[in-house]
Amino acid sequence: RVELAARWHTGGVYVHPVFVEADAPLSLDLRGRIRPFDRHLSVDSLRFEQPGVAVLSARGSWATALGLAGLDATLDLESLRLPAAFDTYALPFLPGTALDALDSEGLLAGRVRLAKGQPTEAALQVVRLFAHDRMGRFALDGVDAALNWRADGTAPASRVSLDGGHVYGIALGAIRFQPQI
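Since the model is a prediction, treat every value here as computed from it, not as a measurement.

Rules behind the numbers
The numbering scheme is per chain: residues are counted from 1 as the chain's sequence reads. In keeping with the model being predicted, local features are shown solely for residues with a pLDDT of at least 70 and side-chain atom pairs are shown and tallied solely at 80 or more, while totals for entire chains, interfaces and linings include all residues. Heavy atoms throughout the structure, all of them, feed into the side-chain values; hydrogens and water do not. Under the scheme used here, helices are H or I runs from DSSP no shorter than 4 residues and strands are E runs no shorter than 2 residues, and both carry numbers assigned from the N terminus. Between buried and exposed lies partly exposed: a residue is buried under 20% and exposed over 50% of the maximum accessible area for its type, with that area taken using a 1.4 Å probe on protein chains only. Here, residues are in contact when the closest pair of their heavy atoms is within 4.5 Å. The positive count covers Lys and Arg only, the negative count covers Asp and Glu only, and His and the chain ends enter neither. The location of each charge is read from NZ of Lys, CZ of Arg, CG of Asp or CD of Glu. One speaks of a salt bridge when a side-chain nitrogen belonging to Lys or Arg is within 4 Å of a carboxyl oxygen belonging to Asp or Glu.

Another aspect to go through is the overall build of the protein. Per the secondary structure count, the protein includes 1 helix and 14 strands. Dimensions of the protein, computed from C-alpha atoms along their principal axes, come out at roughly 65 × 45 × 25 Å. The buried share of the protein, reckoned over its 181 residues, is 31%. Here the analysis covers contacts within the protein between residues at least 6 apart in sequence; of these, 39% occur between residues at least 24 apart. Put simply, the protein has 18 plus and 20 minus side-chain charges, and the middle of one group is 8 Å from the middle of the other.

Where side chains of opposite charge bring their charged atoms close, a pairing between them can arise. One pass over the full model with this rule turns up 17 salt bridges. In this structure, Asp-44 engages Arg-33 in a salt bridge whose closest nitrogen and oxygen atoms are separated by 2.9 Å. Taken together, the residues span a long stretch of sequence, with Asp-44 in strand β5 (residues 40-50) and Arg-33 in strand β4 (residues 26-35) at a distance of 11 residues. Owing to a relative accessible area of 32%, Asp-44 belongs among the partly exposed residues under this scheme. Salt-bridge contacts for Arg-176 lead to Asp-163; the nearest nitrogen and oxygen are separated by 3.8 Å. Pair noted here: Arg-176 is in strand β14 (residues 175-177) and Asp-163 is in the loop between β11 (159-162) and β12 (164-167), with a separation of 13 residues, a long-range link. Owing to a relative accessible area of 55%, Arg-176 belongs among the exposed residues under this scheme. Connected via shared salt-bridge partners are Arg-1, Glu-3, Arg-31, Arg-33 and Asp-44.

Another point: unusual backbone geometry. The omega angle of the peptide bond from His-16 to Pro-17 is 5 degrees, so this bond is cis rather than trans. Within the secondary structure layout, Pro-17 lies in the loop between β2 (12-15) and β3 (18-21). Cis geometry marks the peptide bond from Leu-82 to Pro-83; its omega dihedral reads 15 degrees. In this fold, Pro-83 is placed in the loop between β7 (71-82) and α1 (84-90). A positive phi angle, near 55 degrees, is found at Arg-39, a position not held by glycine. In this fold, Arg-39 is placed in the loop between β4 and β5. Residue classification places Arg-39 among the partly exposed positions, given a relative accessible area of 47%.

Right under this line is the structure:
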């Protein structure tokens, strides 16, 4: 049986190109089992929380002798808050791109499930996303979305809405649609 609880209260860590500072306590909790005799790893619960930025949880098992085919897992992105998550985890990888001058706001959440190493379900929720390029190239206002996919074809309907925005000065009005995924 493995149990790990870690809390980080102050300071910063730099792993090129990402710098994370503990403005609020970060936490990581893991509970699981390792069975070395049959090369099996089980994660009963894994939870990472960075207040105001991200909350992730996961569970699953992996029969390592089977490679990726032995992996059954669920990863839940409970919340990813913009702009903090974008600025911390994405922006360092984007210098020189059209996204390196992006102001963002909103909330993302989602889930990914794997069975026998293959994706079986994916879902992404976008709540009140605003994305504005500081160079004026584009802006998206009020994006709300629920994107759902299941390998067996039984996913709930997806939907996307946009209150407005612009692309290179061309105005975008309100848009609503249901993509087929």
